[in-house]
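Results of the structural survey
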Amino acid sequence: MSANGKPIAVLVCPGRGSYGKDELGSIARNLRPGPVAEALARADAVRRAQGLPTVSELDGAPAFRPSLHLQGQNAAELIYFATMAQAEMLPERYRIAGVIGNSLGWYTALAAAGCVSAADGWLLVTTMARLQTAAVGGQILTTTVDDDWRPDAERSAAVDATLAEVNALGDDHFVAPSIRLGGHAVLGGTERGVTEMLRHLPKIVVGEREFPFRLAGHGPFHTRLCTEVADMARGELDDLPIGMPKTHLIDGFGRMHSPWSADPQALLAYTVGPQVTETFDFTSSVRVALRELNPDVMLCAAPGNSLRAPVGHVVVREGYRGVRDRQTLFDAGLVVV
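Heads up: these notes are all about the structure in this document. Model, not experiment: these values are computed from the prediction.

Secondary structure summary: the protein chain contains 15 helices and twelve strands in total. On C-alpha atoms alone, the protein chain measures out to a radius of gyration of 19 Å, which is about the 20 Å that the 2.2 N^0.38 rule sets for 337 residues. Expressed along its principal axes, the backbone C-alpha trace of the protein chain runs to roughly 50 × 50 × 45 Å. A burial count over the protein chain gives 56% of its 337 residues as buried. Of the contacts made within the protein chain by residues no fewer than 6 positions apart, 74% connect residues no fewer than 24 positions apart.

In structure tokens form, the structure reads like this:
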């Protein structure tokens, strides 16, 4: 608990797949006058001029349409504004000690931490979503934890063995770790590689969820298949205004960037370079946040609750504040959605 009586929190910004039918209307409900509302108005104006449905129209739609709402650029902007609208209100209840993000959520984290304005954060998000369409391939998700969210060595070994087996088939079967997502593994690769991984990975049921499965609308993010995307991003975003974070910011390598020692240009170089082409280690981001910032809560921001389990996996693995399994995690209230 901080000196002002507010719980110490780390803000966790979600990536793709977090805005679903239950999130319709969430931007309008949480939005208040200010920089985020102004950025949304700008985004809506640009999209309207391009003949696209505005973010506000998508959020206010009478029904969720996967073919529309999960389309790459639409989904990215919905997720960004849903998260930012909520993040703007959180300091009223919490002292935000740090910010992390998963994959696309890294761009939101830059804005939430104050490195870029809300409007420039939107520009970053929409630009990267557009450029990512150049990468051909996909992502799949599997798990390496048991029902209590504790590490399962056999499941981890099965993922490693299957990766080696599929990659041995040749470059057209390339697959690599894309995101280390707590106790989950996100694997990205070519179409043939992804298809083979789905055929050979063990089928696992955890609770009501069956693994592995393909992530709809996802490309081979955070792998070498996105090298062209990174090259284009460096060209389009080299003059993106970026400054020092106003709170601790932890990237996808688990490196902490502090308000007094961060290098803004290094942050930009990472964002349009290694962050695009190398494995995003969300697990390390959470681990560093727990060890270095000692939060009372990990705030998994809107939209959705897709990061509750991955964050919980790391809390359990760390034994943070005595948490050793799924039930004690829930009892402790350390992960807030």
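There's plenty left to go through after this.
Before going further, it helps to examine the layout of surface pockets. Considered as a void within the structure, the largest pocket measures approximately 1,200 Å³ in volume. The wall of the largest pocket is formed by 43 residues, among which Gly17, Arg209, Phe213, Asn305 and Ser306 lie closest to the centre. Secondary structure elements with two or more residues in the lining of the largest pocket: α5 (72-87), β3 (138-143), β4 (175-181), β5 (184-189), β7 (209-211) and α14 (308-318). If one sorts the elements of the lining of the largest pocket by residue count, α14 sits on top with four residues. The residue inventory of the lining of the largest pocket, partitioned by class, reads 20 nonpolar, 16 polar and seven charged.

The step from Phe211 to Pro212 runs through a cis peptide bond, and the omega angle for that step is -5°. Along the chain, Pro212 falls in the loop between β7 and β8 (213-214). Cis geometry is adopted by the peptide bond preceding Pro303, which originates at Ala302 and carries an omega value of 5°. Here Pro303 lies in the loop between β11 (297-300) and α14. At Trp149, a residue that is not glycine, the phi angle is positive and equals roughly 70°.

For any pair of aromatic rings, geometry is given as the distance between the ring centres together with the angle between the planes. Counted according to the given criterion, the structure contains five aromatic pairs. Here Trp106 and Tyr270 contribute two aromatic rings whose centre-to-centre distance is 5.4 Å and whose plane-to-plane angle is 85°, an arrangement assigned as edge-to-face. Residue Trp106 is found in helix α6 (residues 105-112), and its partner Tyr270 is found in helix α11 (residues 264-272); the two are separated by 164 residues along the sequence. For Tyr270, a relative accessible area of 5% corresponds to the buried category. Where Trp149 meets Phe330, the ring centres are 5.5 Å apart and the plane angle is 80°; that geometry is what we call edge-to-face. With a gap of 181 residues between them, Trp149 in the loop between β3 and α8 (153-167) and Phe330 in helix α15 (residues 326-332) connect regions that are remote in the sequence.

The periodicity of an α-helix, 3.6 residues per turn, causes residues three or four places apart in sequence to face the same way. All buried positions along helix α10 (residues 227-237) are accounted for by Val229, Ala230, Ala233 and Leu237. Here the buried residues of α10 occupy an arc of 95° about the axis, which is enough to place them on one side.

This next bit is on the nonpolar core. Judged by nonpolar contacts, the single largest core of 95 residues is most densely connected at Phe81, Trp106, Leu249, Phe282, Met298, Val311 and Val315. Once residues within four sequence positions are removed from consideration, Trp106 is found in contact with Gly101, Leu249, Ile250, Asp251, Leu267, Tyr270, Thr271, Gln275 and Phe280.

In spatial order, the strands read β10-β9-β2-β1-β11-β12; together these six strands make up an open sheet with mixed pairing. Both outer strands of the open sheet, β10 (256-257) and β12 (335-336), are each paired with one neighbouring strand and no more. The strands touched by α6 are β1 (8-13), β2 (95-101) and β9 (248-250); relative to β2, the strand with the most contacts, the crossing angle is about 150°.

Definitions and limits used
Residues numbered from 1 in each chain as written. Predicted model: local features only at pLDDT ≥ 70, side-chain atom pairs only at ≥ 80, totals over all residues. Heavy atoms only, no water. Helix = DSSP H or I, 4+ residues; strand = E, 2+ residues; numbered from the N terminus. Rg over C-alpha atoms; globule rule 2.2 N^0.38 Å. Buried < 20%, exposed > 50% of the residue type's maximum accessible area, 1.4 Å probe, protein only. Contact = heavy atoms within 4.5 Å. 1 Å grid on protein atoms, 1.4 Å probe; cavity = no way out; pocket = protein on both sides within 12 Å on 5 of 7 lines; lining within 4 Å. Points joined across faces, edges and corners; volume = space filled by probe spheres on them. Nonpolar A, V, L, I, M, F, W, Y, C, P; charged D, E, K, R; others polar. Phe/Tyr/Trp six-rings, centres within 6.5 Å; stacked < 30°, edge-to-face > 60°. Arc of directions from axis to C-beta. Core = buried A, V, L, I, M, F, W, Y, C linked by side-chain atoms within 4.5 Å. Pairing = 2+ DSSP bridges. Axes fitted to C-alpha atoms, helices over the stretch in contact; angles between N-to-C directions.

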